Amino acid sequence: MKRVLRDAVAGALGAVATVGAGAGALLAGSDAFAQPSQAPQPQSTPQITQPSVAIRRIVVEGNQRIEPATITSYLLVRPGDTFDPERIDLSLKTLFATGLFADVQIEQRDADLVVTVIENPIINRVIFEGLRSLKDDDLEEEVQARPRSVFTPARAQADVQRIIEVYRRSGRFAAQVTPQVRELDQNRVDLIFEVDEGPVTGVRDINFIGNEEFSDRTLRDAIVTTESSWWNIFQSNDNYDPDRLEYDREQLRQYYNNRGYADFRVVSAVAELTPDQKDFFITFTVDEGQRYRFGEIRVQTELDRLSPELLLAVVPIRRGEVFRGDKIEDAIDAMTYIAGTVGYANVDISPNVERDREGRVVNITFEVNEGPRVFIERIDIVGNTRTLDRVIRREMRVAEGDAFNRVLLDRSRNRIRGLGFFRDVKVEEAPGSLPDRSVVTVSVEEESTGELAFAAGYSSTESFLFDASITERNLRGRGQFLRLRASSSSQRQQVDLRFTEPRFMGRDLSAGFDIYSLRTDFLSQSSFENQSTGIGIRAGFPIAERTNLGLTYSLILDDTQIADGLVDHDNNPATPLVDQCDPVNAAAPLLCDQEGTFLTSVFGFTVNWDRRNDPLRATRGFDLQLSQEVAGIGGEVNYLRSELEGGVYYGLPWQGWRLSGRLNAGYIFGWGGDDIRINDRFFKGGASFRGFDVAGVGPRELVVTTGTDDVLQVGDALGGNAYAIGTIQLDVPLPLPDSFGLEAALFTEFGSVGVVDSASRRTVNYPDGTSVVVDDSFSLRASAGVTVFWDSPFGPVQFDFAQPFSYEDYDQREEFRFSTRTRF
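Parameters and conventions
- Residues numbered from 1 in each chain as written.
- Predicted model: local features only at pLDDT ≥ 70, side-chain atom pairs only at ≥ 80, totals over all residues.
- Heavy atoms only, no water.
- Helix = DSSP H or I, 4+ residues; strand = E, 2+ residues; numbered from the N terminus.
- Areas by Shrake-Rupley, 256 points an atom, 1.4 Å probe, with all protein chains shown as cover.
- Pairing = 2+ DSSP bridges.
- Axes fitted to C-alpha atoms, helices over the stretch in contact; angles between N-to-C directions.
- Contact = heavy atoms within 4.5 Å.
- Phe/Tyr/Trp six-rings, centres within 6.5 Å; stacked < 30°, edge-to-face > 60°.
- Buried < 20%, exposed > 50% of the residue type's maximum accessible area, 1.4 Å probe, protein only.
- Core = buried A, V, L, I, M, F, W, Y, C linked by side-chain atoms within 4.5 Å.
- Patch = residues over 30% accessible without salt bridge, like charges linked within 9 Å, V, L, I, M, F, W, Y side chains within 5 Å.
- Salt bridge = Lys/Arg side-chain N within 4 Å of Asp/Glu carboxyl O.
- Lys, Arg positive; Asp, Glu negative; His and termini not counted.
- Charge placed at Lys NZ, Arg CZ, Asp CG, Glu CD.
- Polar contact = N/O pair within 3.5 Å; in protein donor to acceptor, adjacent residues only side chain to side chain.
- Expected span 1.5 Å × (residues − 1).
- Arc of directions from axis to C-beta.
- Parallel < 35°, antiparallel > 145°, perpendicular 65-115°, else oblique.
- Nonpolar A, V, L, I, M, F, W, Y, C, P; charged D, E, K, R; others polar.

Explain the overall build of the protein chain to me, and be specific about the residues and the numbers.
Counting its regular elements, the protein chain contains 13 helices and 36 strands. Roughly 41,300 Å² of accessible area belongs to the protein chain as shown, and the carbon and sulfur atoms make up 52% of that amount.

Set out below in structure tokens:
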């Protein structure tokens, strides 16, 4: 047995391969790697002395784990057959081919056929030694050897090649792998792969030959492979990978094709090892061809409900534009979508492209015909290791047995992505068991949905922040949301518990509840602080494919405390502060009548209409949300609050550029004789109106010289009963690697806050010649600036650089702030 194992080890050692030696052969166009050896071959022919004698019985010797019946099942002879040397020789080869045996011998003893075997050992453990850049898990996914599987030298050698291929893809062409076995009792072995990773083989230079219209630097930016730089420690594509090189060829073709060069081709892509064997020179030889423009665009169709004029109207191609290959695909997608909206679930669109090389134009004729009716035979969900199948299937807009519909499948993909449980979602189709059947495969890549977070930081608005939370967005894989959070800052201390069941009682109905305690400190802005404790219940359901209705009820207990004295926001000590809650103070009703404890009972609804093409990063479409809350059906506070929020999105032709606009507006008024309490008003600024501080814009108390407009002191912000704020934002890609996690946007925001009740607008005169007035001008405010988003290792951060250019003198402006990133 030990002799056989030593032979196996020797065979495996012969499989040691050096990738660096193969690199040159690869460049020469030949296979650089040794091929795995074939299965062990019989070392001797069967010993048959009396072929004409009938086999009395078959005796199996040497087996330990494998049953004799299993071994005899591979033989081509049975008791009663004659000793046929040819059939017995085939039996010997069949046993070797199983891979279960290190050695097999068959001989004749009198009338018995004796089969003597030496079983291959069982692998106890697979061990990787010498790993630095890779982890055990990376290689375990690649090799075929597994604990409790049969060891053979051929399989070990094949695994060596697989490991080397992994290192080759990571740029380590000098890696060496040596397999060894450690003998254990009971015919077991530990299979050990000793790895010498060697240095990383980088890319010293990338050159282009034949390019006249675009510089080498421009073309380097168009491909994935990059040149190695000692300072760029975050780069992962600066090593030579033949597979990536093929992808770069396609990237170059697309780059030129989308800039008018329809005849472009990559003549060759060659990688040469440097003399010091450390890096590669990569050279692309290209043939640019001539530049084309779009010529005549035609649409031909015989479909009843689709006219050529209608289809041509949605084609995003205009005569005279520079030819772009991706616009043809965009045109097909647009016409497929339009056809789906009028009832044609399956259309066959064939673009006939004609190049006029003399006129340098490309004429395109789209032939649109109804495709064969195809039904969905099966929907497969793959990749969901945690999320239950039904959570994904209930977002599908088609079911097994339905007619195939590309529009509904795209909508299904967006709904699944909108769950927020997956890093990537792909919906692919494949032929079914019949020509009119199709199999739909939904491939998802799970991402972590649970979080135990302890965070501390600093915000320019709320000073020091502390946040501790336990959040699970996909509880038990059922799509349920649960969060317990406690946070604290200079302005807010909050504890809340939130739970949502997206399919209550198995119906298309979401339900949930909220319990919270929130303490808000606006002493420095509006001279009040509020302790709010509440409980709420929620329900939501769809009223159309892209429209949802949500219903809410909340019971809130507010305890509002008014500070003594009028805060001087200009830090002007010359003017004495006014004791607002002194009983002899004529101005006391401005705020002090709102001090105390109040119970609010609020019913509300929200209608959400979402027509975006992507729920996470829309490039076309819009979304609109209308909400209303009525307080006074029970409780002590009466008001009606209405808010409208909406946005439109447009992806620009350049990669990563997006223009979007957003509008937020709201109005609240009291009924039953109630005025609006200060803690129920709208306070805007900070994240809601960049360029202005929190509660920095809107109605404000001012101390002036009686009878004049001379402002002696800027007082409290009063908030407003109405607001309207618009935003126009241009997302701009930064010329930095994605690994930096940086994004930027240019923005302008404009709007106003105002309209307070008459009781809060009156003027109070004092004997010292000063007066307290309220400026409630609903005048336009506006700002512009730059926002930088950083997905940092410590969490998402947003930096806002804003410059107000339309404002009132008493507004509190803020030209820089940073905070937790919010989605626009």
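Now, onward.
Describe the sheet that holds strand β16 (residues 437-446), and please don't skip the residues or the numbers.
Sheet architecture is open: three strands sit in the order β14-β16-β15, paired in mixed fashion. The strands lining the two open edges of the sheet, one partner per strand, are β14 (375-382) and β15 (422-431). Averaged over neighbouring strand pairs, the angle between their axes works out to 15° when direction is ignored. For β14 and β16, the ladder comprises seven bridges, and the chain directions are parallel. Each residue of the ladder has a partner; that of Val-382, found in β16, is Ser-443. The strands touched by helix α12 (residues 406-418) within the sheet are β15 and β16, with β15 carrying the most contacts at an inclination of about 155°.

I'd like a description of the packing of aromatic side chains, backed by residues and values.
Applying the stated criterion across every chain, the model contains 18 aromatic pairs. Residues Phe-214 and Tyr-255 carry aromatic rings whose centres are separated by 5.3 Å and whose planes lie at 75° to one another, so their mutual orientation is edge-to-face. Of this pair, Phe-214 sits in the loop between β8 (202-209) and α7 (216-222) while Tyr-255 sits in helix α8 (residues 242-257); the two residues are 41 residues apart in sequence, bridging distant segments of the chain. Residues Phe-214 and Tyr-255 agree in their burial class; the two are buried. Between Tyr-256 and Tyr-261, the aromatic rings sit 5.5 Å apart at their centres with planes inclined by 80°, giving edge-to-face as the arrangement. Judged by its relative accessible area of 0%, Tyr-256 is buried. Classification of Tyr-261 as buried rests on a relative accessible area of 5%.

Can you lay out the nonpolar core for me, pointing to particular residues and giving the numbers?
The biggest cluster of nonpolar side chains holds 24 residues, and the ones touching the most others in it are Val-315, Met-335 and Phe-366. For this core, the elements supplying multiple residues, two or more each, are β11 (293-301), α10 (325-341), β12 (347-356) and β13 (361-370). The element contributing the most residues to this core is α10, with six residues. Among all residues touching Met-335, those that are not within four sequence positions of it are Val-299, Leu-311, Val-314, Val-315, Ile-349, Phe-366 and Val-368.

Break down the side chain of Thr-770 for me, citing the residues and quoting the values.
Secondary-structure assignment places Thr-770 in strand β33 (residues 770-775). Owing to a relative accessible area of 13%, Thr-770 belongs among the buried residues under this scheme. The residues touching Thr-770, leaving out its near neighbours within four places in the chain, are Val-703, Val-704, Thr-706, Leu-712, Val-764 and Asn-765.

Kindly report on unusual backbone geometry, identifying the contributing residues and their values.
Of note, the phi angle at Asn-187 is positive, near 55°, even though the residue is not glycine. By secondary structure assignment, the location of Asn-187 is in the loop between β6 (176-184) and β7 (188-196). Owing to a relative accessible area of 12%, Asn-187 belongs among the buried residues under this scheme. A positive phi angle, near 55°, is found at Arg-360, a position not held by glycine. Mapped onto the secondary structure, Arg-360 falls in the loop between β12 and β13.

Mind laying out the sheet that holds β13, listing which residues take part and the relevant values?
Strand order in the open sheet formed by three strands is β11-β13-β12, with mixed pairing between adjacent strands. The sheet terminates laterally at β11 and β12, the two strands that pair on one side only. Averaged over all pairs of adjacent strands, the angle between their axes in this sheet comes to 15°, without regard to strand direction. Two strands pair when backbone bridges link them, and β11 and β13 are joined in this way by seven bridges, in the parallel orientation.

Please provide a residue-by-residue account of a negative patch on the surface, values included.
Taken together, the side chains of Asp-136, Asp-137, Asp-138, Glu-140 and Glu-141 make up a negatively charged region of the molecular surface. Take Asp-137: it is sitting in helix α5 (residues 136-140). With a relative accessible area of 51%, Asp-137 lands in the exposed category.

Describe the environment of Tyr-810, naming the residues involved and giving the relevant values.
Among the secondary structure elements, Tyr-810 is positioned in the loop between β35 (795-806) and β36 (816-820). Of the residues examined, Tyr-810 reaches a relative accessible area of 6% and is grouped as buried. Remark: the alpha-carbon pair of Tyr-810 and Gly-696, spanning 114 residues in sequence, is separated by 8.6 Å. In contact with Tyr-810, not counting residues within four places along its chain, are Gly-698, Arg-700, Leu-702, Val-714, Asp-775, Ser-777 and Arg-781. A polar contact is formed between the side chain of Tyr-810 and the side chain of Asp-775, at a distance of 2.9 Å.

So what about helix α4 (residues 85-97)? Which residues, and what values?
The terminal C-alpha atoms of α4 lie 18 Å apart, and with 13 residues this matches the ideal 18 Å at 1.5 Å per residue to within 8%. Taken together, the buried positions of α4 are Ile-88, Ser-91, Leu-92, Leu-95 and Phe-96. Take α4 and look down its axis: the buried residues cluster within an arc of 135°, on one side only. Facing away from the buried side of α4 by more than 90 degrees, the exposed set consists of Glu-86 and Ala-97. Residues of α4 that are buried sit in contact with α3 (68-73), β3 (101-109) and β4 (112-119). Put simply, Asp-84 is the residue that caps the front of α4, since its side-chain oxygen is 3.1 Å from the backbone nitrogen of Glu-86. Backbone geometry just after α4 places Gly-99 at a positive phi near 75°.

Let's hear about the packing of α10 against α12: which residues, and what values?
At a closest axis distance of 8 Å, the pairing of α10 and α12 adopts a crossing angle of 105°. Taken together, the axes of α10 and α12 lie roughly perpendicular to each other. Every residue of α12 that contacts α10 at Thr-336, Tyr-337 and Gly-340 is listed here: Arg-406, Val-407 and Arg-411. Looking at the contact of α10 with α12 residue by residue, the class counts come to two nonpolar, two polar and two charged.

Break down the pairing of β33 for me, citing the residues and quoting the values.
Pairing analysis gives six bridges linking strand β28 (residues 700-705) to β33, with the strands arranged antiparallel. In the strand pairing of β33, Val-704 is matched with Ser-771. Sheet topology note: the strand β32 (residues 764-765)/β33 ladder contains two bridges and is antiparallel. Considered in β33, the bridge of Val-764 is made with Val-772. In textbook terms, the turn of a hairpin is the stretch between consecutive antiparallel strands, and for β32 and β33 this stretch comprises four residues, one of which, Gly-769, has a positive phi near 85°.

Lay out the pattern of salt bridges with the relevant residues and their values.
A full pass over the atoms with the stated rule returns 43 salt bridges. When the shortest N-O distance is used, the salt bridge between Arg-677 and Asp-680 registers 3.7 Å. Residue classification places Arg-677 among the buried residues on the basis of a relative accessible area of 7%. Residue class for Asp-680 comes out buried when judged on its relative accessible area of 8%.

Describe the packing of helix α6 (residues 153-169) against α8, listing the residues and the values that go with them.
Interaxial distance between α6 and α8 falls to 8 Å at its minimum, and their mutual angle equals 45°. Classified by the interaxial angle, the pair formed by α6 and α8 is oblique. Where α6 abuts α8, its residues Glu-165, Arg-168 and Arg-169 lie against Pro-242, Asp-243 and Arg-244. Considered class by class, the residues forming the contact of α6 with α8 number one nonpolar, no polar and five charged.

If you had to explain the environment of Arg-253 to someone new, which residues and values would you point to?
Along the chain, the position of Arg-253 falls in helix α8. Residue Arg-253 is classed as partly exposed on the basis of its relative accessible area of 35%. As a C-alpha pair, Arg-253 and Val-266 span 13 residues in sequence and 7.3 Å in three-dimensional space. A polar atom in the side chain of Arg-253 sits 2.8 Å from the side chain of Glu-250.

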